[in-house]
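Here are the chains, one letter per residue:
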Amino acid sequence: LDPVLAIVGRPNVGKSTLVNRILGRREAVVEDTPGVTRDRVMYSATWNGRGFTLVDTGGWEHDARGIHARVADQAEIAVDMADAVLLVVDATVGATATDEAIVQMLRKKKKPVILVANKVDDIQNEADASTLWGLGFGQPWPVSALHGRGTGDMLDQALEVL
Ligand code: GDP
Ligand code: MG
């Protein structure tokens, strides 16, 4: 059975764009409107000759406890089935309350977490990524899922802990 890599993060940070980048094809639905990905979608992927299963997450209807808790719940289901986690944050925005809700959930799990600082489209944006050290998951990996910048190095690291 292939190891499972879950991609979690609040809506609109670029999770589905990253899935498509990893797959090398446009299969995950990317929308400018947040919240289009269904709760969990699984894909078969390969990197450096190794097979693994990618789980994309999304789906964020409000419930009684509000949006942050709902996003974290959905992320938790994906994390529980995963061997390692890509936590995607929008480096141009920085950590928000929803990111913090996911971080709190991840801290309780004993799973390896790769912190992905997405939307670092240019070298000038790399400073944005360094603010994410404060999340406590070690080095933020600056990537541009849209352009492919840095995604190879980040995936090499993810496969090492998977
Ligand atoms: P998700 O909700 O986390 O799955 O986010 P999506 O993958 O649907 O992307 C949300 C929006 O962010 C879309 O408009 C994407 O084109 C955009 N986006 C994703 N990755 C990047 C990136 O690396 N750089 C920039 N500039 N935009 C991105
Ligand atoms: Mg999505």
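The notes below deal with the structure included here. (Residues numbered from 1 in each chain as written. Chains lettered and ligands numbered in written order. Predicted model: local features only at pLDDT ≥ 70, side-chain atom pairs only at ≥ 80, totals over all residues.)

Before going further, it helps to examine the nonpolar core. Val 85, Leu 87, Leu 115, Val 116 and Ala 117 are the most contacted members of the largest nonpolar core, which has 41 residues in total. Mapped onto this core, the elements with two or more residues apiece are strand 1 (4–8), helix 1 (15–23), strand 3 (50–57), helix 2 (67–80), strand 4 (84–90), helix 3 (97–107), strand 5 (113–118) and helix 5 (151–161). Residue contributions to this core peak at six residues, all from strand 4. Contact partners of Val 85, with chain neighbours within four places excluded, come to Ala 6, Val 8, Val 79, Leu 106, Lys 111 and Val 113. (Core = buried A, V, L, I, M, F, W, Y, C linked by C-beta atoms within 7 Å. Buried ≥ 20, exposed ≤ 12 C-beta atoms within 10 Å, placed from the backbone. Helix = DSSP H or I, 4+ residues; strand = E, 2+ residues; numbered from the N terminus. Contact = placed C-beta atoms within 7 Å.)

Its place among the elements puts Leu 135 in the loop between helix 4 (126–130) and strand 6 (140–142). Taking the number of C-beta atoms within 10 Å as the measure of exposure, Leu 135 has 21 and is therefore buried. When the C-alpha atoms of Leu 135 and Val 19 are compared, they prove to be 23 Å apart, with 116 residues separating the residues in sequence. When neighbours within four sequence positions are excluded, Leu 135 is seen to be in contact with Ala 95, Val 103 and Leu 115.

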